[in-house]
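For reference, the chains in residue letters:
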Amino acid sequence: MSYALRLAAEAKRGLAVLPVIVQEEALDLLEESSVRAEMTSGSSPLIQEEVMDLVVHLESKRYYVFMVVRIDHRSRMVRVDSVGHAVRT
């Protein structure tokens, strides 16, 4: 079973401003990270932080999405602290 995925209020706000397709891609990546966290739990520090990034091409725009993620192996949780983005046309 993968780790629980929790989004902080700031992360929810950051996702909410993105187009739905971009939100779905970001959530898919986060879900993959919760599965990967379980697979690496024995060889990782109890708590680790990382920045995940994603690029989504939609219509004539390119969305760069950045997510600050904290993986807590003790509580088996992946917490998304914030989501930011930039758009390039």
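Residues numbered from 1 in each chain as written. Predicted model: local features only at pLDDT ≥ 70, side-chain atom pairs only at ≥ 80, totals over all residues. Heavy atoms only, no water.

Asker: For this particular structure, what's the right way to read the confidence of the model for the protein?
Answerer: Where the model shows low pLDDT, its predicted coordinates should not be examined in detail. Per-residue pLDDT for the protein averages 92, and the proportion of residues at 70 or more is 99%. Looking at the elements of the protein, mean pLDDT is at its lowest for helix H2 (residues 20-39), recorded as 91, and at its highest for helix H1 (residues 9-16), recorded as 98. (pLDDT = per-residue confidence, 0-100. Helix = DSSP H or I, 4+ residues; strand = E, 2+ residues; numbered from the N terminus.)

Asker: Help me understand H2 in this model?
Answerer: Given 3.6 residues per helical turn, the α-helix brings residues three or four places apart onto the same face. With 20 residues, H2 extends 29 Å between its outermost C-alpha atoms, agreeing within 8% with the 28 Å of an ideal straight helix rising 1.5 Å per residue. Those residues of H2 that sit buried are Val22, Ala26, Leu29, Leu30, Ser33, Ser34 and Ala37. For H2, the angular spread of buried residues about the axis comes to 145 degrees, placing them on one side. Facing away from the buried surface of H2 by more than 90 degrees, the exposed residues are Val20, Glu31 and Met39. Tucked into the core, H2 has its buried residues touching strand S1 (4-7), H1, strand S2 (47-58), strand S3 (61-72) and strand S4 (77-88). (Expected span 1.5 Å × (residues − 1). Buried < 20%, exposed > 50% of the residue type's maximum accessible area, 1.4 Å probe, protein only. Arc of directions from axis to C-beta. Contact = heavy atoms within 4.5 Å.)

Asker: How should I be thinking about the pairing of S3 in this particular structure?
Answerer: When a strand is regular, its side chains alternate between the sheet's two faces. Here S2 pairs with S3 via twelve bridges, running antiparallel. Looking at the pairing, Gln48 lines up with Ile71 of S3. Between S2 and S3, which pair antiparallel in sequence order, lie two residues; one of them, Glu59, sits at a positive phi of approximately 55 degrees. Alignment of S3 against S4, held across eleven bridges, turns out to be antiparallel. Residue pairing for S4: Val69 is matched across the bridge by Val80. The turn linking S3 back onto S4 is made up of four residues, and Arg76 within it adopts a positive phi angle of 55 degrees. (Pairing = 2+ DSSP bridges.)

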